[in-house]
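# Architecture at a glance
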Amino acid sequence: MEKRAARTRNPTGAGRYRTMSQHEAMIRLEERFVLLRQIIQDYRVRLAFMDEEVIRLFSTNQLSAISSQIAEKQRIERMIQQLEAFVSHYEPLADAGITHDSQRF
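Before going into details, it helps to say that this report is about the structure given with it.

What follows covers the pattern of salt bridges. Going through the model one piece at a time under the given rule, you end up with six salt bridges. Across the pair arginine 56 and glutamate 53 runs a salt bridge whose closest N-O atoms are separated by 2.4 Å. With arginine 56 and glutamate 53 both in helix H2 (residues 29–59), this residue pair falls three residues apart, about one helical turn. A relative accessible area of 27% places glutamate 53 in the partly exposed class. Each of Arg46, Glu72 and Arg75 takes part in salt bridges that share partners, so that together they form one network.

In structure tokens form, the structure reads like this:
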């Protein structure tokens, strides 16, 4: 069975497509883990603001909004756990000696 590469629209709008693997190759492997750690940190900051928002909603007795905030907070906490598990599992494998030299032999 032949696999088809996912395609994204060319940002120039010229109607040409490029494969997703070309797009993904733009980000070096080790940089991906830096980005993932930044995403985790951004989620943690968002959680801190959500706590403040729940307190504000509680003071105005907006129970349905509080319920939505709590559900969203739980979703983000699960996402953080999953991302941290992914990084801790796969980041050591990134140092397996793969290089991204621009020169080819």
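Side chains of a nonpolar character, in soluble globular proteins, are inclined to be buried together. Membership of the largest hydrophobic core is limited to 10 residues, which are Phe33, Leu36, Ile40, Tyr43, Leu47, Met50, Ile76, Ile80, Leu83 and Val87. Every element with two or more residues in this core is listed here: H2 and helix H3 (63–94). Looking at this core element by element, the count peaks at six residues for H2.

This part is about the environment of serine 68. Relative to the assigned elements, serine 68 resides in helix H3. For the pair serine 68 and valine 54, spaced 14 residues apart in the sequence, the C-alpha separation amounts to 9.7 Å.

Let's shift gears to the packing of aromatic side chains. On inspection of all chains with the given rule, the structure shows one aromatic pair. With a centroid separation of 4.8 Å and 40 degrees between ring planes, the pair formed by phenylalanine 86 and tyrosine 90 is classed as tilted. Of the two residues, phenylalanine 86 and tyrosine 90 are both situated in helix H3; the distance of four residues between them amounts to about one turn of the helix. In this structure tyrosine 90 comes out as partly exposed when scored by relative accessible area, which is 38%.

This brings us to unusual backbone geometry. One non-glycine residue with positive phi stands out, namely asparagine 61, at about 60 degrees. Here asparagine 61 shows up in the loop between H2 and H3. A relative accessible area of 57% means that asparagine 61 is categorised as exposed.

Parameters at a glance
- Residues numbered from 1 in each chain as written.
- Predicted model: local features only at pLDDT ≥ 70, side-chain atom pairs only at ≥ 80, totals over all residues.
- Heavy atoms only, no water.
- Salt bridge = Lys/Arg side-chain N within 4 Å of Asp/Glu carboxyl O.
- Helix = DSSP H or I, 4+ residues; strand = E, 2+ residues; numbered from the N terminus.
- Buried < 20%, exposed > 50% of the residue type's maximum accessible area, 1.4 Å probe, protein only.
- Core = buried A, V, L, I, M, F, W, Y, C linked by side-chain atoms within 4.5 Å.
- Phe/Tyr/Trp six-rings, centres within 6.5 Å; stacked < 30°, edge-to-face > 60°.

In short, geometric facts, not functional conclusions.
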